[in-house]
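# An overview of the molecular structure
Each chain is listed here by its residues.
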Amino acid sequence: MATLRVGIVGAGGIARAHGVGWQKSASRAEIVAVADVEPGRAQYLAEHFRANQTEIYPSLESLLAHPGLDAVDICLPHDLHTRAIIAAARAGKAILCEKPLCTSLADAAAIDAALRETGVPFVMAHNQLFQPSLIEARQMLAAGTLGRPFVFRSIEVFQNRGALIGQTGHNLGPGESPWAWRADLKRMGGGEVLDTGWHSSYRLLALANDRPVEVTAMTDRFLIPGLPAEDTGLLLVRFAGGAIGEIITSWAFASVGGWHFEVMAQNGSVAGASNRLLHQLHGWPEPAERAFEPVHTFTAEIAHFIDVVQNGADSKATFAHGARVLQLTMAAYR
């Protein structure tokens, strides 16, 4: 099929992670445009991830006017997602949007209306859904290997040294530090639970494959100065089927061993890290371990987006998935 022509909106750090994915998919897609309010940052992204000519634009609106543009990759601060999604949808472009979906349920409703009206392909950038250990664990749950699941735990924690350094420590070149807008509650839309914690929330929902009906949360700011909200959250979730979920997410500390999730079930339990999965039946003295080759999950995510747009594949991270994560997060804040 024809090469997918994509424009990236926002040229900060997450756009560079996406850039690796687009570069790896160069046989199927190309970055033809980059928009950022800081031209130098946009130029760096364009030069670093594409050898041929890429157009640089100062705004989303000017980028959407690029002739032949097929898709938009939204890598903007949280509060700008809604306007960007709606504008791209009305321009008829396929959309890949970084987390979070947006910062309010009212905005989510407006996005839903625009996507329904236009029918454009939409994929949330839930890159960790492509982590091999999570894929294997979800297959085990779907096959009934573990029996009835009782408790799901999802963990997304690290000590965020970038936030500790603050505005003077970023290495993205000219333009605003990502910690400048994160220190503004209106632009951020919440705290760590809405930001990095989004990964732990969609991972929990992917494992449970059930509707959350009750949420209890405790949050605090333990380490990061200057944040207007939490740097740590612990959420308990009750699912419609009776299982209990736990989310632990933080910028204040890391966990021993780097585990990302656990499932405790009727027949046994599993625990997964980025490249490992442990499975232990009840009564076994030791768990069985499976190791996986490392996967660049952003590359896998972008390859999936191309499949959705070009081949009509079902999106693994639809608007509905993003809206459910937002509902869970807003319920936690309430």
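In this text the structure is predicted, and so the values were computed from the model without any measurement. (Residues numbered from 1 in each chain as written. Predicted model: local features only at pLDDT ≥ 70, side-chain atom pairs only at ≥ 80, totals over all residues. Heavy atoms only, no water.)

## Side note on helix α5 (residues 105-118)
Rules: The helix count covers DSSP runs of H or I at least four residues long, the strand count covers runs of E at least two residues long, and both are numbered beginning at the N terminus. By this rule, a helix spans an expected 1.5 Å times one less than how many residues it contains. It only takes one pair of heavy atoms within 4.5 Å for two residues to be counted as in contact.
Between its terminal C-alpha atoms α5 stretches 20 Å, which fits the 20 Å expected from 14 residues at 1.5 Å a residue. Looking at the buried residues of α5, the elements they touch are α4 (81-90), β5 (94-97), β6 (122-124) and α12 (319-333). Just downstream of α5, Gly-119 is the residue with a positive phi angle, here 70°.

## A closer look at the environment of Ala-229
With respect to the secondary-structure elements, Ala-229 resides in the loop between β8 (212-220) and β9 (232-239). Apart from residues no more than four positions distant in its own chain, Ala-229 is found in contact with Leu-185, Gly-190, Gly-191 and Arg-221.

## What about the pattern of salt bridges?
We count it as follows: Between Lys or Arg on one side and Asp or Glu on the other, a salt bridge is scored when a side-chain nitrogen of the former is within 4 Å of a carboxyl oxygen of the latter. Remark: exposure states derive from per-residue accessible area (1.4 Å probe, protein chains only) relative to the maximum for the residue type, with buried under 20%, exposed over 50%, and partly exposed in between.
If you walk through the whole model with that rule in mind, you get eleven salt bridges. Here Arg-203 ties to Glu-156 by a salt bridge, and the two come within 2.6 Å at their closest N and O atoms. Taken together, the residues Arg-203 in helix α10 (residues 197-208) and Glu-156 in strand β7 (residues 149-157) connect sequence positions 47 residues apart. Notably, a salt bridge pairs Arg-182 with Asp-195, separated by 2.7 Å at the nearest N-O pair. With Arg-182 in helix α8 (residues 178-182) and Asp-195 in the loop between α9 (185-188) and α10, this pair connects stretches of sequence that are 13 residues apart. Like Arg-182, the residue Asp-195 is buried in the burial classification. One network of salt bridges, in which partners are shared, links Lys-99, Arg-182 and Asp-195.

## Examining the layout of surface pockets
Where we set the bar: Detection works on a 1 Å grid of protein atoms alone, calling trapped sets that fit a 1.4 Å probe cavities and calling open sets with protein on both sides within 12 Å along at least five of seven lines pockets, with lining residues defined by an atom within 4 Å of a point. Grid points are joined across faces, edges and corners, and a volume is the space filled by probe spheres set on the points. Each residue is assigned to one of three groups, with Ala, Val, Leu, Ile, Met, Phe, Trp, Tyr, Cys and Pro labelled nonpolar, Asp, Glu, Lys and Arg labelled charged, and all others, Gly among them, labelled polar.
There is about 990 Å³ of room inside the largest pocket. Contributing to the lining of the largest pocket are 42 residues, with Ile-14, Cys-75, Leu-76, Pro-77 and Trp-181 lying nearest its centre. For the lining of the largest pocket, the secondary-structure elements that each account for two or more residues are α1 (13-24), α3 (60-64) and α8. Among the elements that line the lining of the largest pocket, the one with the most residues is α8, at four residues. Here the lining of the largest pocket is built from residues that sort into 18 nonpolar, twelve polar and twelve charged. Computed from the structure, the second largest pocket encloses a volume of approximately 340 Å³. Residue lining of the second largest pocket: 15 residues in total, with Leu-205, Ala-206, Asn-209, His-321 and Arg-324 positioned closest to the centre. Listed by contribution, the elements that provide at least two residues to the lining of the second largest pocket are α10 and α12. Here the element with the most residues in the lining of the second largest pocket is α12; it accounts for four residues. Grouping the constituent residues of the lining of the second largest pocket by class yields seven nonpolar, three polar and five charged.

## Focus on the environment of Ala-300
Residue placement: Ala-300 occurs in helix α11 (residues 297-311). Judged by relative accessible area, which is 22%, Ala-300 ranks as partly exposed. Linking Ala-300 and Phe-130, residues 170 residues apart in sequence, is a C-alpha distance of 6.3 Å. Beyond its immediate sequence surroundings of up to four residues, Ala-300 is in contact with Phe-130 and Val-295.

## Brief notes about unusual backbone geometry
In this structure, Pro-100 follows Lys-99 across a cis peptide bond, with omega equal to -10°. Assignment of secondary structure puts Pro-100 in the loop between β5 and α5. Of note in this structure, Asn-209 is not a glycine but carries a positive phi near 50°. Mapped onto the elements of the fold, Asn-209 is located in the loop between α10 and β8.

## Points about the sheet that holds strand β4 (residues 71-74)
To keep it simple, the criterion reads: By this definition, two strands are paired if DSSP reports at least two bridges between them. Axes here refer to lines fitted to C-alpha atoms; in helices the fit is confined to the stretch in contact. Angles between the N-to-C directions go from 0 to 180 degrees.
Pairing in this open sheet of six strands is parallel, and the strands run β3-β2-β1-β4-β5-β6 from one edge to the other. Of all strands in the sheet, those bounded by a partner on one side alone are β3 (55-57) and β6. This sheet shows a mean twist of 25° between the axes of neighbouring strands, independent of strand direction. For β5 and β6, the ladder comprises three bridges, and the chain directions are parallel.

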